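# Inside the fold
Read off the chains here:
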Amino acid sequence: MIHYNNELLYPKLCVVLEMPTQSFVYPIFKNASSSLEQLSVGKLYNNKINDRTQTVDVYWREATKRFHSGVNTYLRFNPMLESKTVVHLIEQGELVNRHFMPQYMWLCHLYKHYKGTINILDVDNLDISIHKNKSGYTGEHCVAPEHWVDLDNLIFDKFTGETTTIQEINKYIETKSRVIYNKCIAQD
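Residues numbered from 1 in each chain as written. Predicted model: local features only at pLDDT ≥ 70, side-chain atom pairs only at ≥ 80, totals over all residues. Heavy atoms only, no water.

### Thoughts on the overall build of the protein chain
Along the protein chain, the regular secondary structure elements total nine helices and six strands. The buried share among the 188 residues of the protein chain stands at 49%. Across the protein chain, contacts joining residues at least 24 apart in sequence account for 79% of those joining residues at least 6 apart. For the protein chain, the accessible surface area stands at approximately 10000 Å², while carbon and sulfur atoms represent 50% of it. (Helix = DSSP H or I, 4+ residues; strand = E, 2+ residues; numbered from the N terminus. Buried < 20%, exposed > 50% of the residue type's maximum accessible area, 1.4 Å probe, protein only. Contact = heavy atoms within 4.5 Å. Areas by Shrake-Rupley, 256 points an atom, 1.4 Å probe, with all protein chains shown as cover.)

Below, the structure is given as structure tokens:
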């Protein structure tokens, strides 16, 4: 799997939101997570996720759009950093942040605490008023590491609207693209 300093990337606790409709959602940054949190009626942390849930919804976003939005948010939150250097480090995959890291990495964080089924849903079909983060264009163009986009879009294209598990996703990626599997998941 993709490995970076987990302390810096992931929230200290893995959280699943309990929604008013008696469903559960795993929030991923830049995928309406702020709006979903405002709508939630409760939160489950770490091992408690398995105690109360049968299936967890995960809202997924087309990878390139999410990446650009996340990079813009990161640059806005870090105005003291020289943006061209930051963009270069991001493009090389040397700087990773929870706002723009692959959504797959978020699934890995969930998997540490929850082994059950997940519904992959298109965030664009979310029927709520979505909080728009003011992460407008910063003036810097950043190109996502290609394997990040390919990994997330493989999952988006195959599993949107499906109930699945992380094991099934990994097996599909291994079958569909051995290169992406080796680079992002197996770390060969």
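Having seen the model, we can carry on.
### Observations regarding the sheet that holds strand β2 (residues 24-26)
The six strands are arranged β3-β1-β2-β4-β5-β6 in an open sheet whose pairing can be described as mixed. Of all strands in the sheet, those bounded by a partner on one side alone are β3 (42-45) and β6 (162-164). On average, adjacent strands in this sheet sit at an angle of 35° to one another, irrespective of strand direction. The sheet contact formed by β2 and strand β4 (residues 55-60) spans two bridges and is parallel. Residue pairing across strands places Val25 opposite Asp57, the latter belonging to β4. Relative to the sheet, helix α6 (residues 103-111) contacts β1 (15-18), β2, β4 and β5 (117-122), its axis offset from that of β4 by approximately 160°. (Pairing = 2+ DSSP bridges. Axes fitted to C-alpha atoms, helices over the stretch in contact; angles between N-to-C directions.)

### Considerations on the side chain of His99
Topologically, His99 is positioned in the loop between α5 (83-91) and α6. Aside from chain neighbours lying at most four places away, what touches His99 is Phe29, Lys30, Arg66, Gly70, Thr73 and Phe77.

### Quick look at the nonpolar core
Ranked by size, the top nonpolar core spans 47 residues in total, and within it Tyr26, Val58, Leu110, Ile118 and Ile173 carry the most contacts. By residue number, the principal contributor to this core is helix α7 (residues 146-159), which donates seven residues. The residues contacting Tyr26, other than those within four sequence positions of it, are Cys14, Val15, Val16, Val56, Asp57, Val58, Trp106, Leu107, His109 and Leu110. (Core = buried A, V, L, I, M, F, W, Y, C linked by side-chain atoms within 4.5 Å.)

### What about the pairing of β5?
Here six bridges tie β4 to β5, and the two strands are oriented parallel to one another. Bridging across to β5, Trp60 finds its partner in Asp122. In this sheet, β6 lies alongside β5 in antiparallel orientation, the contact comprising three bridges. Note on β6: the bridge partner recorded for Ile120 is Glu162.

### Focus on the packing of aromatic side chains
Under the defined criterion, the tally for this structure stands at six aromatic pairs. Between the aromatic rings of Phe159 and Tyr172, the centroid separation amounts to 5.4 Å while the plane-to-plane angle is 90°, which identifies the pairing as edge-to-face. With Phe159 in helix α7 and Tyr172 in helix α8 (residues 166-176), this pair connects stretches of sequence that are 13 residues apart. Residue class for Phe159 comes out buried when judged on its relative accessible area of 6%. For Lys115, the ring lying beneath its charged end belongs to Tyr111, and the centroid distance is 4.2 Å. (Phe/Tyr/Trp six-rings, centres within 6.5 Å; stacked < 30°, edge-to-face > 60°. Lys NZ or Arg CZ within 6 Å of the ring centre and 35° of its normal.)

### Observations concerning the pattern of salt bridges
Under the counting rule described, the total for this entry stands at two salt bridges. Residues Glu37 and Lys43 are paired through a salt bridge, measuring 2.6 Å at the closest nitrogen-oxygen approach. Exposure remark for Lys43: the relative accessible area of 38% places this residue in the partly exposed category. In this structure, the salt-bridge partner of Arg178 is Glu174, at a minimum N-O distance of 2.4 Å. Take Arg178: its relative accessible area is 43%, and that puts it in the partly exposed class. (Salt bridge = Lys/Arg side-chain N within 4 Å of Asp/Glu carboxyl O.)

### Here's the deal with unusual backbone geometry
Despite not being glycine, Ala32 has its phi angle at roughly 65°, a positive value. With respect to the helices and strands, Ala32 occurs in the loop between β2 and α2 (33-39). The exposure class assigned to Ala32 is buried, which follows from its relative accessible area of 12%. We note that Asn46 has phi near 45°; this positive angle belongs to a residue other than glycine. Mapped onto the elements of the fold, Asn46 is located in the loop between β3 and α3 (48-52).

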